Amino acid sequence: MNIKIICFGKLDKKFFIDSFNEYANRISKYANLQVIELKEEYQKEDIVNKNINSDLLLEKLKAFSDHEIICMDVSSKNYSTEEFTSIIENNKNLKQAKIAFIIGPSDGYSDKFLAQNFKKVSFGNITLPHQLFRVILAEQIYRAFKIMNNEKYHK
Ligand SMILES: C[S@@+](CC[C@H](N)C(=O)[O-])C[C@H]1O[C@@H](n2cnc3c(N)ncnc32)[C@H](O)[C@@H]1O
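Residues numbered from 1 in each chain as written. Predicted model: local features only at pLDDT ≥ 70, side-chain atom pairs only at ≥ 80, totals over all residues. Heavy atoms only, no water.

In the nomenclature of an unreviewed UniProt entry, the protein corresponds to Ribosomal RNA large subunit methyltransferase H from the organism Mesoplasma coleopterae. Check the Catalytic activity (unreviewed entry) section of the UniProt entry for the protein; it says "pseudouridine(1915) in 23S rRNA + S-adenosyl-L-methionine = N(3)-methylpseudouridine(1915) in 23S rRNA + S-adenosyl-L-homocysteine + H(+)". Regarding the protein, the UniProt comment filed under Sequence similarities (unreviewed entry) reads as follows: "Belongs to the RNA methyltransferase RlmH family." (UniProt positions renumbered as here; feature names shortened; annotations may be inferred.)

What follows is the structure, encoded as structure tokens:
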């Protein structure tokens, strides 16, 4: 399985880099994980930033039309770990399964972006900073593989 995380900016704190690398390394036992970091526009008005960054995402996603796109969005339906696992599990047996998770820009997604027919997933009604969220997403992907493979992991 090929998994991509498409996100904005770089991890710039050692504790985030170390934590993410730890989970990425664990995930590598089950899947190819690739992180695609986009350059975020943040110096204009919020609404302009939102539109520019969302359009950049849409442009980038044209190269991933063969992927299941999962948009991580605070305001969407809450997914439990088991429900999240089922998204990955549904792809598991597909030949050349490809999933791309999107971590959005700081000013949110544009209406045009949200109108796309992507699955939208929230990990709960709290807004997490994007660097921390990248670590949490990697941990949940790793947890999903442990669950799918009936392997022991911390409860
Ligand atoms: C700092 S947040 C952006 C928040 C932005 N103001 C908004 O309303 O979308 C950056 C990204 O982290 C992800 N994120 C943060 N908390 C999340 C949560 N509880 N569930 C799902 N995604 C989350 C989303 O992809 C979000 O676009």
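What the rule picks out here adds up to zero disulfides. No disulfide involves C7; its nearest neighbouring cysteine sulfur is the one of C71, lying 13 Å away. Residue C71 is classed as buried on the basis of its relative accessible area of 0%. (Disulfide = S-S within 2.5 Å. Buried < 20%, exposed > 50% of the residue type's maximum accessible area, 1.4 Å probe, protein only.)

Let us look at helix α2 (residues 46-61). Quick reminder: α-helices carry 3.6 residues per turn. Residues three or four places apart thus point the same way. Between its first and last C-alpha atoms α2 spans 22 Å; for 16 residues at 1.5 Å apiece the expected length is 22 Å, and the two agree. Residues of α2 that are buried: N49, N53, S54, L57, L58 and L61. In an axial view of α2, the angular spread of the buried residues amounts to 160°, which keeps them on one side of the axis. (Helix = DSSP H or I, 4+ residues; strand = E, 2+ residues; numbered from the N terminus. Expected span 1.5 Å × (residues − 1). Arc of directions from axis to C-beta.)

Taken as a whole and assessed by the stated rule, the structure comprises 13 salt bridges. Between E37 and K10 there is a salt bridge whose closest N-O contact spans 3.0 Å. Of the two residues, E37 is situated in strand β2 (residues 32-38) and K10 in the loop between β1 (2-8) and α1 (14-27); the sequence distance between them amounts to 27 residues. The exposure class of E37 is partly exposed, given its relative accessible area of 32%. E151 is the partner of K29 in a salt bridge, and the nearest nitrogen-oxygen pair spans 4.0 Å. Within this pair, whereas K29 is found in the loop between α1 and β2, its partner E151 is found in the segment after α5 (130-148), the two being separated by 122 residues in sequence. Overall, the relative accessible area of 27% leaves E151 in the partly exposed class. The network of salt bridges with shared partners includes K10, E37 and R134. (Salt bridge = Lys/Arg side-chain N within 4 Å of Asp/Glu carboxyl O.)

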